[in-house]
Amino acid sequence: MVAGEGAQRKGGTRSADGAAKVTIAEIAREAGVSVPTVSRVVNGRSDVSSATRARIEDLLHRHGYRRRPTAPGGRAALLDLVFNDLDSPWAVEIIRGVEEVAHEAGVGTVVSAIHDRAGAARQWMTNLRARASDGVILVTSVLEPGLHDELRRLGVPLVVVDPAGSPATEAPTVGATNWAGGMAATEHVLQLGHRRIGFIAGPPRLLCSRARLDGYRAALDVAGVAVDDALVVPGDFYHESGFTGAGRLLGLEEPPTAIFAASDQMALGAIEALRRRSLRVPEDMSVVGFDDLPEVRWSSPPLTTVRQPLSDMGKLAARMLLDLARNVELASPRVELATELVVRASTAPPRRA
């Protein structure tokens, strides 16, 4: 990254008058709190300690953060951004994209996590009714049918990012070309000469996970390499499952020479498992990830991965939702943004015996 790029990222985007615009994610990072905590302060919620509120309010003031305006009738213009979990840099990239578009439109963003718990989802719905949100972006999460029905009854538009399973509603969706990305990653290590390629999968309930696995299998099939089910191990997109999955692969009678992890966090977990066994990347094992999170360019070695445009997915979902809220017809209800293989230093030809 050149110095100018770093300075621009640190200062946020800029408004038409040239003033720097800070995002909720950046305020949260500087305050040492979570994004939802800042969102609660911005939106006037009372469930934040006075000391934390004062620290966040001070940062909001110092950075000149513009609070959302009120809509006609005195009601605040709001959209809800709902995740299953927020403990991932993946979520931060989605938030960054959504908030940029919402901020430009003068709309506030409420960020929530429902943790796949029906009780949490119902409480979120209660809160949504109370604040009269103008729309919902649902990210890799599942709402029970009754809650979908309630959104329709309230006339609240919904856009789904990376749907979990086949969408149960007519809601528009935004995703990435996960199958193509899985195929590209696998083809890359095949072209380097690898034939035993381990795969650490994501949660099978997610369409994106299944598509990446299908892309892996398709690339092996095209290359005439038989799929060995022992080389496919389960994961959940987080570091620990990458660490565990790599351990399972290394314990095979004939271990792989390359590992494709269906997320960057799992790839980093796999690299740590290799390091603890005194195995070098890529000399002893090539490793590929998926996402291209900001930190992987600084990993040791820098990670070869598949870039999915997470921030752009968030931006597009927000634009679609704002169009729906304004009764503007969408150009397409199903959108997939292109993935791209990014080759760095974690892949190389297999070591010859």
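Definitions and cut-offs
- Residues numbered from 1 in each chain as written.
- Predicted model: local features only at pLDDT ≥ 70, side-chain atom pairs only at ≥ 80, totals over all residues.
- Heavy atoms only, no water.
- Helix = DSSP H or I, 4+ residues; strand = E, 2+ residues; numbered from the N terminus.
- Buried < 20%, exposed > 50% of the residue type's maximum accessible area, 1.4 Å probe, protein only.
- Contact = heavy atoms within 4.5 Å.
- Areas by Shrake-Rupley, 256 points an atom, 1.4 Å probe, with all protein chains shown as cover.
- Polar contact = N/O pair within 3.5 Å; in protein donor to acceptor, adjacent residues only side chain to side chain.
- Expected span 1.5 Å × (residues − 1).
- Core = buried A, V, L, I, M, F, W, Y, C linked by side-chain atoms within 4.5 Å.
- Pairing = 2+ DSSP bridges.
- Axes fitted to C-alpha atoms, helices over the stretch in contact; angles between N-to-C directions.
- Salt bridge = Lys/Arg side-chain N within 4 Å of Asp/Glu carboxyl O.
- Phe/Tyr/Trp six-rings, centres within 6.5 Å; stacked < 30°, edge-to-face > 60°.

1. Points about the overall build of the protein chain
The helix and strand inventory of the protein chain stands at 12 helices and 14 strands. Counting only residues that meet the buried cut, the protein chain has 53% of its 353 residues in that class. Here the analysis covers contacts within the protein chain between residues at least 6 apart in sequence; of these, 70% occur between residues at least 24 apart. Here the protein chain displays about 16,100 Å² of accessible surface, and carbon together with sulfur accounts for 52% of that area.

2. Some details on the environment of alanine 226
Secondary-structure assignment places alanine 226 in the loop between α9 (207-222) and β9 (232-233). Sequence separation between alanine 226 and arginine 196 is 30 residues; the distance between their C-alpha atoms is 9.4 Å.

3. Section: the side chain of glutamate 150
Among the secondary structure elements, glutamate 150 is positioned in helix α7 (residues 145-154). Owing to a relative accessible area of 16%, glutamate 150 belongs among the buried residues under this scheme. Here the side chain of glutamate 150 touches arginine 153 through a polar contact of 2.8 Å, side chain to side chain. With sequence-adjacent residues up to four places away left out, glutamate 150 is seen in contact with Met125 and Arg129.

4. Description of helix α8 (residues 178-191)
In this model, α8 (14 residues) spans 20 Å end to end at C-alpha, consistent with the 20 Å of a helix rising 1.5 Å per residue. Along α8, the positions that sit buried rather than exposed are Asn178, Gly181, Gly182, Met183, Ala185, Thr186, His188, Val189 and Leu190. One or two steps after α8, the chain reaches glycine 193, where phi turns positive at roughly 110 degrees.

5. Overview of helix α11 (residues 264-276)
Its 13 residues place the ends of α11 19 Å apart at the C-alpha level, agreeing with the 18 Å of an ideal helix rising 1.5 Å per residue. Listed in full, the buried residues belonging to α11 are Asp264, Gln265, Met266, Ala267, Gly269, Ala270, Ile271, Ala273 and Leu274. Close packing links the buried residues of α11 with α5 (89-104), β8 (197-200), α10 (239-250), β10 (258-261), β11 (286-288) and β12 (305-307). At the exit of α11 stands serine 278, carrying a positive phi of roughly 60 degrees.

6. Structural notes on unusual backbone geometry
Cis geometry is found at the peptide bond from valine 281 to proline 282, where omega equals 5 degrees. Residue placement: proline 282 occurs in the loop between α11 and β11. Residue proline 301 is reached from serine 300 by a cis peptide bond, and omega for that bond is 0 degrees. Phi at aspartate 291 is positive, roughly 140 degrees, even though this residue is not glycine. Mapped onto the elements of the fold, aspartate 291 is located in the loop between β11 and β12. Using a relative accessible area of 5% as the deciding quantity, one classes aspartate 291 as buried. Its identity as a non-glycine residue notwithstanding, asparagine 327 has a phi of 65 degrees, on the positive side. For asparagine 327, the position within the fold is in the loop between α12 (310-325) and β13 (334-337).

7. Examining the nonpolar core
Core analysis: the largest hydrophobic core is formed by 71 residues, its most contacted members being Phe83, Ile94, Ile137 and Tyr216. In this structure, Leu128, Val136, Leu151 and Leu158 belong to the second largest nonpolar core, which totals 15 residues.

8. Digging into the side chain of glutamine 265
As for its position among the elements, glutamine 265 is in helix α11. Leaving out residues up to four positions away in the same chain, glutamine 265 has contacts with Ser88, Pro89, Phe237, Tyr238, His239 and Leu293.

9. Considerations on the sheet that holds β9
Taken together, the 4 strands give an open sheet; going across it, the order is β9-β8-β10-β11, and neighbouring strands pair in parallel fashion. The open sheet has two edge strands, β9 and β11, and neither has a second partner. Sheet topology note: the β8/β9 ladder contains 2 bridges and is parallel. Residue pairing across strands places phenylalanine 199 opposite valine 232, the latter belonging to β9. Running at roughly 170 degrees to β8, α9 makes contact with β8, β9 and β10 of the sheet.

10. Focus: the pattern of salt bridges
Tallied over the full model, the rule gives 16 salt bridges. Arginine 276 serves as the salt-bridge partner of glutamate 272, at 2.8 Å between the closest nitrogen and oxygen. Within this pair, glutamate 272 and its partner arginine 276 are both found in helix α11, separated by 4 residues, close to a single helical turn. The class for glutamate 272 is partly exposed, based on a relative accessible area of 23%. By relative accessible area, arginine 276 is classed as exposed at 58%. Two residues, arginine 307 and aspartate 292, come together in a salt bridge whose shortest N-O distance is 2.6 Å. On the criterion of sequence distance, the pair formed by arginine 307 in strand β12 and aspartate 292 in the loop between β11 and β12 is long-range, its members being 15 residues apart. The exposure class assigned to aspartate 292 is buried, which follows from its relative accessible area of 11%.

11. Brief notes about the packing of aromatic side chains
For the coordinates displayed, the defined rule picks out 2 aromatic pairs. Their ring planes at 75 degrees and their centres at 5.1 Å tell us that phenylalanine 199 and phenylalanine 260 sit as a pair that is edge-to-face. Of this pair, phenylalanine 199 sits in strand β8 while phenylalanine 260 sits in strand β10, and the two are 61 residues apart along the sequence.

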